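Single-letter residue listing:
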Amino acid sequence: MERISILVADDEQEIRDLIAIHLEKEGYHVIKVSDGKEAVDVIGRQVIDLLILDIMMPNIDGYEVARQIREQHNMPIIFLSAKTSDFDKVQGLVIGADDYMTKPFAPIELVARVNAQLRRFKKLNQPKPDRITTLEFGGLVIAPEQRKVTLYGETIELTPKEFEILYLLASHPKKVYSVENIFHQVWGEAYFEGGNTVMVHVRTLRKKLKDDQRKSKWIKTVWGVGYAFNG
């Protein structure tokens, strides 16, 4: 069985080596690079199953690396950064990161998050017999097999998690989902401090669906409870 490959991109050698030691104990194949350009080059020429990415790196910063990767590749991305502000965390999630950890960090927690992201990714990419129906609501079309969304004929580019949230809500119009329920079903793990993560993704999803221009929004907030699709 082929080992899972994890790319660690960080300009600090001590951090790269520390992460590699703990991941290799778990049986993962670890590739280490010191800047953003190297990270993009590696992913362009070989299969990487998960990326651990610093933000402040030479040549290309982590944000730009994530943007470029999301254009062509679908893999879990974990930001590991000394940037600790809520703005930086939100920006990382909006770009398409799956998780965000701040330095200093506990290696055992990072390993746990890596394991959780890989489990979730495998689960979400398994064939789903019940997800063959294209959903249509006026000008909004959601095609699960192609993971494609169009709004009045225009393709809407969504991150994997934005698509999962939209499909979850749209599959059961009017049903109210709590933040905890959305986090559990989309992230595939127990809810822990995931409220802001869900809210950030819903906010960016609404912006892409142009909810701010509609009187009857696609995604309705049910105050004190959660969200519902208003199809």
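Heads up: these notes are all about the structure in this document.

Rules used throughout
Residues numbered from 1 in each chain as written. Predicted model: local features only at pLDDT ≥ 70, side-chain atom pairs only at ≥ 80, totals over all residues. Heavy atoms only, no water. Helix = DSSP H or I, 4+ residues; strand = E, 2+ residues; numbered from the N terminus. Buried < 20%, exposed > 50% of the residue type's maximum accessible area, 1.4 Å probe, protein only. Pairing = 2+ DSSP bridges. Axes fitted to C-alpha atoms, helices over the stretch in contact; angles between N-to-C directions. Contact = heavy atoms within 4.5 Å. Right-handed = clockwise from strand over helix to strand, strands pointing away. Core = buried A, V, L, I, M, F, W, Y, C linked by side-chain atoms within 4.5 Å.

**Re the side chain of threonine 197**
Piece 1. Assignment of secondary structure puts threonine 197 in helix H8 (residues 195-208).
Piece 2. Judged by relative accessible area, threonine 197 falls into the buried class, the value being 15%.

**Notes on the sheet that holds strand S1 (residues 5-9)**
Piece 1. In space, the 5 strands of this open sheet follow the order S2-S1-S3-S4-S5, with parallel pairing throughout. At either margin of the open sheet sits one strand with a lone partner, and together these are strand S2 (29-33) and strand S5 (99-102). This sheet shows a mean twist of 20 degrees between the axes of neighbouring strands, independent of strand direction.
Piece 2. Along the sheet face, helix H1 (residues 13-25) touches S1, S2, strand S3 (50-53) and strand S4 (77-81) and points at about 175 degrees away from the line of S2.
Piece 3. Against the sheet, helix H5 (residues 107-124) makes contact with S1, S3, S4 and S5, and its axis sits at roughly 175 degrees relative to S5, the strand it touches most.

**A word on the pairing of S2**
Piece 1. Bridge count for S1 against S2 is 5 bridges, and the pairing is parallel. By the bridge assignment, valine 8 is partnered in S2 with lysine 32.
Piece 2. Following the chain from S1 across H1 to the adjacent parallel S2, one finds a crossover that is right-handed.

**Considerations on the nonpolar core**
Piece 1. If you look at the biggest cluster of nonpolar residues, it comprises 29 residues, and the most contacted ones within it are Ile142 and Ile182.
Piece 2. Of all the elements in the fold, those that place two or more residues in this core are strand S6 (135-137), strand S7 (140-143), strand S8 (148-151), helix H6 (160-170), helix H7 (179-187), H8 and strand S12 (226-229).
Piece 3. With 7 residues, H6 is the largest single contributor of residues to this core.
Piece 4. Beyond its immediate chain neighbours, meaning those up to four positions away, isoleucine 182 contacts Ile165, Leu168, Leu169, Tyr177, Trp187, Val198 and Tyr227.
Piece 5. Of all hydrophobic cores here, the second largest spans 23 residues; its members include Val42, Ile48, Ala97 and Tyr100.

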